Amino acid sequence: MWRYANPTVFLGIAARLIPILSVLAAGLAVVGLWIVFFVAPADYQQGQTVKIMYIHVPAAWLAMGCYSVMALSAIGTLVWRHPLADVSNKAAAPLGAAFTALCLLTGSLWGKPMWGTWWVWDARLTSVLVLFLMYCGVIALWNAIEDPTRAGRSVAILTLVGFVNIPIVKFSVDWWNTLHQPARVIRLDGPTIDPSMLWPLLIMAAAATLLFVALHLAGMRNEILRRRVRTLGLLAASQDEAPGLAVAEGTR
Amino acid sequence: MFGLGPHGGFIVASYAAAVLIVGGLILRAVLDHRAQKTALARLEERGARRRSDRARDGRP
């Protein structure tokens, strides 16, 4: 893990991986969408509206998965002080917010024709809204503190406190009576969804996950470059005042 | 709508939202990368170099 702690090494790896992951994600998305619209059957109850599931469910999984990545990054910041851990946290937060927003939006668009309402304050929907607000809080805190090291520690604590919501989101449909249907894919006794719908769902989820990884790497690369710009800006300013000063290499 | 049944509008709106959000994320990443590379190049043109770069080039 520490081998990749050097930002320059990481930038080289990211530059090679981002195009590969992007092409794989696009290819899987094309295959997945073709199956969704031309092969997968309509649901016996929901009809064609079930097609919303193929973007709603991957978005929901990524909403939770992204926060889990941020929680691991927070541990990396607080426990191991890994130089790229807070970079990972900062790059993941807007992605998580976007996928959570997509989950809420498509859920609402699915709920109106199926449940007859855009929104209900039940446990699943409310806990996902809280997750979205947590993402917004993390992004706001990153922007509120100028020094990346200080911001990283504060955000890491906030992220870990907010992680308590993840099991609530996952198990809310089991712990409380909700309008939302229970889990159909990630279950101890295996998926209960028909394979004709399960496969396109898994392909779309794989495409979304690869896209997330590519965007996360791209975000981390941009954040490393941003910190270098900040460092060189400080160096340039200090050299204007006292020529000969140097700033050590690092992400900040 | 397009053979998507009576709720086709909801399906189209969902996929349109996905395209907009994912497209926005991709565009943001590309534009941010370009902006940071430009800013870095501008600073290096002004002579600002990291200590490791200067050591590699054999400069003090």
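Quick summary incoming for the structure in this document. (Residues numbered from 1 in each chain as written. Chains lettered and ligands numbered in written order. Predicted model: local features only at pLDDT ≥ 70, side-chain atom pairs only at ≥ 80, totals over all residues.)

**Side note on the overall build of chain B**
Then, in step 1: When helices and strands are counted, chain B shows two helices and zero strands.
Then, in step 2: Expressed as a percentage of the 60 residues in chain B, the buried residues total 15%. (Helix = DSSP H or I, 4+ residues; strand = E, 2+ residues; numbered from the N terminus. Buried ≥ 20, exposed ≤ 12 C-beta atoms within 10 Å, placed from the backbone.)

**Some thoughts on the environment of L179 of chain A**
Residue and element names in this part refer to chain A.
Then, in step 1: Position of L179 relative to the elements: it lies in the loop between α6 (165-175) and α7 (195-241).
Then, in step 2: For the pair L179 and A207, spaced 28 residues apart in sequence, the C-alpha to C-alpha distance is 28 Å.
Then, in step 3: L179 has contacts with W115, V120 and D122, leaving out every residue within four places of it along the chain. (Contact = placed C-beta atoms within 7 Å.)

**A few points about the interface of chain B and chain A**
Then, in step 1: Taken together, the contact between chain B and chain A spans 26 residues of the former and 35 residues of the latter.
Then, in step 2: If you list the elements that add at least two residues to the side of chain B that touches chain A, you get α1 (8-45) and α2 (51-56) of chain B.
Then, in step 3: No other element matches α1 of chain B, which puts 18 residues into the side of chain B that touches chain A.
Then, in step 4: Looking at side-chain class alone, the side of chain B that touches chain A contains 15 nonpolar, six polar and five charged residues. (Nonpolar A, V, L, I, M, F, W, Y, C, P; charged D, E, K, R; others polar.)

**Here's the deal with the packing of helix α2 (residues 53-80) of chain A against helix α3 (residues 85-115) of chain A**
All names here are of chain A.
Then, in step 1: For the pair α2 and α3, the least separation of the axes is 8 Å and the interaxial angle reads 160 degrees. Considering their axes alone, α2 and α3 lie roughly antiparallel with respect to each other. Once α2 is placed against α3, the crossing between them reads as left-handed.
Then, in step 2: Among the residues forming the contact of α2 with α3, the class breakdown is 18 nonpolar, 10 polar and one charged. (Axes fitted to C-alpha atoms, helices over the stretch in contact; angles between N-to-C directions. Parallel < 35°, antiparallel > 145°, perpendicular 65-115°, else oblique. Left-handed = near helix turned anticlockwise from the far one by under 90°.)

**Structural notes on helix α4 (residues 123-144) of chain A**
Residue and element names in this part refer to chain A.
Then, in step 1: Over its 22 residues, α4 extends 31 Å from the first C-alpha to the last, a length consistent with the 32 Å expected when each residue adds 1.5 Å.
Then, in step 2: Listing the buried residues of α4 in full gives A123, R124, L125, S127, V128, L131, M134, Y135, V138 and W142.
Then, in step 3: On its buried face, α4 sits against α2, α3, α5 (148-162) and α6. (Expected span 1.5 Å × (residues − 1).)

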